[in-house]
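What follows is the residue order along each chain.
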Amino acid sequence: MSSTHDKKVVLEIKDLYKAFGDNQVLNGFNMQLYEGENLVIMGRSGSGKSVMIKCLVGLMEADKGIISVMHHDITTLNQEALDVLRADIGFLFQGSALYDSMTVRENLEFPLRGHTKKNGKLIDTEKLVVEALENVGLANTIDMMPSELSGGMKRRVALARTLILQPKIILYDEPTSGLDPITAKEIIILMQDIQKKYNTSSLIITHDVDCARVISDRMILLIDGIDYAAGTFKELSNSKDPKIKAFFK
Ligand SMILES: Nc1ncnc2c1ncn2[C@@H]1O[C@H](COP(=O)(O)OP(=O)(O)OP(=O)(O)O)[C@@H](O)[C@H]1O
Ligand SMILES: [Mg+2]
């Protein structure tokens, strides 16, 4: 197998800055996501993980820095080009964020609005919805309302919704938070299955050490607004640096 450095970079952040008034959240953060890898970003609560991911998908504007997707600097692209790139990126929000007034089917149809074709082929909505639900083992919930689902089921439906456009890159913001350890494990297994099935590249934000251990090929620690440390789970968990050690207790 080739070394990490020969792999294709699908997502890159260079020198990202973001402040809210006096609160300098990101202070020169860098990261690269390679094709086919699971990159875990860990950081304490309030360290700026969600802010970083929101800048990445354009839900928030960075103060400074370069964000590129498949080697395209997103600030230089027009709307049309951005939309094409966006279709390749799936984002699982922190919490499951299903639309409560819509059925599971309608929730899954939502990302398909405005997309009539994928990879040049006409979209068969019903087929995609059923397939996405089957991927998460919940085909039987298609006509249910979110209020009828457990927390773990909601998370899986949200994951199915993220997968429906078969993104090449998936961004997960705290995919296991608020779930019991067994359900969390099921979600992790699901994420691994999806990675294998579609060879997706994933950026996973978590402070769940078990999740990081199981799923990460590589990790970055976001501390003091920067990419303070990077390495494999093993390398980082063996570090002597107190700031790094604190994560693995
Ligand atoms: N829209 C906003 N306006 C002002 N401050 C914000 C806004 N969004 C985030 N912040 C601040 O930015 C900092 C980082 O928030 P962020 O949500 O990125 O943390 P996080 O690392 O995702 O934490 P958690 O692990 O709890 O999800 C916090 O101090 C937060 O108060
Ligand atoms: Mg967050």
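Please refer to the structure placed before this passage.
These figures come from a predicted structure and were not determined experimentally.

Undergrad: How should I be thinking about the sheet that holds strand β12 (residues 226-231) in this particular structure?
TA: Note: strands within a sheet are paired through backbone hydrogen bonds, in either parallel or antiparallel orientation. Spatially, the six strands line up as an open sheet ordered β6-β9-β10-β3-β11-β12, and their pairing is mixed. Here the strands that pair on one side only, and so sit at the sheet edges, are β6 (89-92) and β12. For this sheet, the mean inter-axis angle between neighbouring strands, taken without regard to orientation, is 20 degrees. Sheet topology places β6 next to strand β9 (residues 169-173); four bridges connect them, and they run parallel. Across the sheet, the residue bridging to I89 is I169, located in β9. Its contacts with the sheet place helix α1 (residues 49-57) against β3 (38-42), β6, β9, β10 (201-205) and β11 (218-223), and it is angled at close to 150 degrees to β9.

Undergrad: Would you mind going over helix α6 (residues 181-198) with me for this structure?
TA: Note: α-helices contain 3.6 residues per turn, so residues at a spacing of three or four share the same orientation. In a regular helix each residue adds 1.5 Å, so 18 residues correspond to 26 Å; α6 covers 26 Å between its end C-alpha atoms and thus fits that length. When α6 is considered as a whole, its buried residues turn out to be A184, I187, I188, M191 and I194. One side of α6 holds all its buried residues, which, seen down the axis, span an arc of 120 degrees. Exposed side chains of α6 directed beyond 90 degrees from the buried face belong to I182, I189, K196 and K197. Residue N199 follows α6 closely and has a positive phi angle near 45 degrees.

What counts and how
- Residues numbered from 1 in each chain as written.
- Chains lettered and ligands numbered in written order.
- Predicted model: local features only at pLDDT ≥ 70, side-chain atom pairs only at ≥ 80, totals over all residues.
- Pairing = 2+ DSSP bridges.
- Helix = DSSP H or I, 4+ residues; strand = E, 2+ residues; numbered from the N terminus.
- Axes fitted to C-alpha atoms, helices over the stretch in contact; angles between N-to-C directions.
- Contact = placed C-beta atoms within 7 Å.
- Expected span 1.5 Å × (residues − 1).
- Buried ≥ 20, exposed ≤ 12 C-beta atoms within 10 Å, placed from the backbone.
- Arc of directions from axis to C-beta.

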